[in-house]
Amino acid sequence: MVLTDVNIIKRMLEAYRFTAEEYVEDDSSVTLSLEEIDLADNGTDKQEALDRLSASILEYAEDYYRDFELFYSAPNRKKHLPYVMKVLSLNDVKKIGELIECRPGKI
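Counting from 1, residues in each chain are numbered in the order their sequence is written. Residues qualify for local features only when their pLDDT is at least 70, as the model is predicted, and side-chain atom pairs are given and counted only at 80 or more; totals for whole chains, interfaces and linings, by contrast, use all residues. Working from all heavy atoms in the structure, the side-chain values ignore hydrogens and water.

J.: Report on the pairing of strand E2 (residues 30-34), specifying residues and quantitative values.
T.: Successive side chains on a regular strand alternate, one facing one side of the sheet and the next facing the other. Burial classes: relative accessible area under 20% of the type maximum marks a residue as buried, over 50% as exposed, and values in between as partly exposed (1.4 Å probe, protein chains only). The secondary structure listing takes helices from DSSP runs of H or I that are at least 4 residues long and strands from runs of E that are at least 2 residues long, numbered from the N terminus. With four of five residues buried, E2 lies mostly within the body of the structure. At least two bridges found by DSSP between two strands are what make those strands a pair. The sheet contact formed by strand E1 (residues 18-24) and E2 spans five bridges and is antiparallel. Bridge pairing links Ala20 to Leu34 in E2. Taking the residues that link successive antiparallel strands as the turn, the E1-E2 hairpin has five residues, and the phi of Ser28 there is positive, at about 75°. Alignment of E2 against strand E3 (residues 40-43), held across four bridges, turns out to be antiparallel. Each bridged residue has a counterpart across the sheet, and for Leu32 the counterpart in E3 is Asp41. The antiparallel hairpin formed by E2 and E3 contains five residues in its connecting segment.

This is the structure in structure tokens:
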């Protein structure tokens, strides 16, 4: 537990952003695959995929927080904590989407 002003937490987490690899599928839909957390979403276009991925990130962060002991004790998920804190401090799908930089995926 940390007792501090949420604005201090937000400043501490400013550097945490997301990177997603972008893939155009055979059906012209777009898949975004997040690098920092193992999440991916598909949409009819890039914006829809981004909106879905942003919502998935928020849902993941809420699950992580709700079952903290399980997630934090998993070696492959421990490093997600600052991203989870960043997302929870924003609590806004649109703002989360603004943190995602999309790059062409490597085939």
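J.: Can you tell me about the pattern of salt bridges, naming the residues and giving the values?
T.: Two side chains with opposite charge may pair up if their charged atoms get near one another. Just to be clear on terms, a salt bridge is a Lys or Arg side-chain nitrogen sitting within 4 Å of an Asp or Glu carboxyl oxygen. Across all of its chains, the model carries four salt bridges by this definition. Close ionic contact of Arg66 with Asp63 constitutes a salt bridge, the shortest N to O distance being 2.6 Å. Taken as a pair, Arg66 and Asp63 lie in helix H2 (residues 46-66) at a separation of three residues, close to a single helical turn. A residue is classified by how much of its surface remains accessible, and Arg66, at 61% relative accessible area, is exposed. Among the residues examined, Asp63 registers a relative accessible area of 28% and is labelled partly exposed. In this structure, Glu101 engages Arg103 in a salt bridge whose closest nitrogen and oxygen atoms are separated by 3.2 Å. Residue classification places Arg103 among the partly exposed residues on the basis of a relative accessible area of 38%.

J.: Pulling in residues and values, what's your account of the side chain of Glu36?
T.: With respect to the helices and strands, the residue Glu36 is situated in the loop between E2 and E3. Two N or O atoms count as a polar contact when they lie within 3.5 Å, although within protein this holds only if one can serve as hydrogen donor and the other as acceptor, and sequence-adjacent residues are included solely when both atoms are side-chain atoms. At a separation of 2.9 Å, a polar atom in the side chain of Glu36 contacts the main-chain amide nitrogen of Thr19.

None of this, on its own, says anything about what the molecule does.
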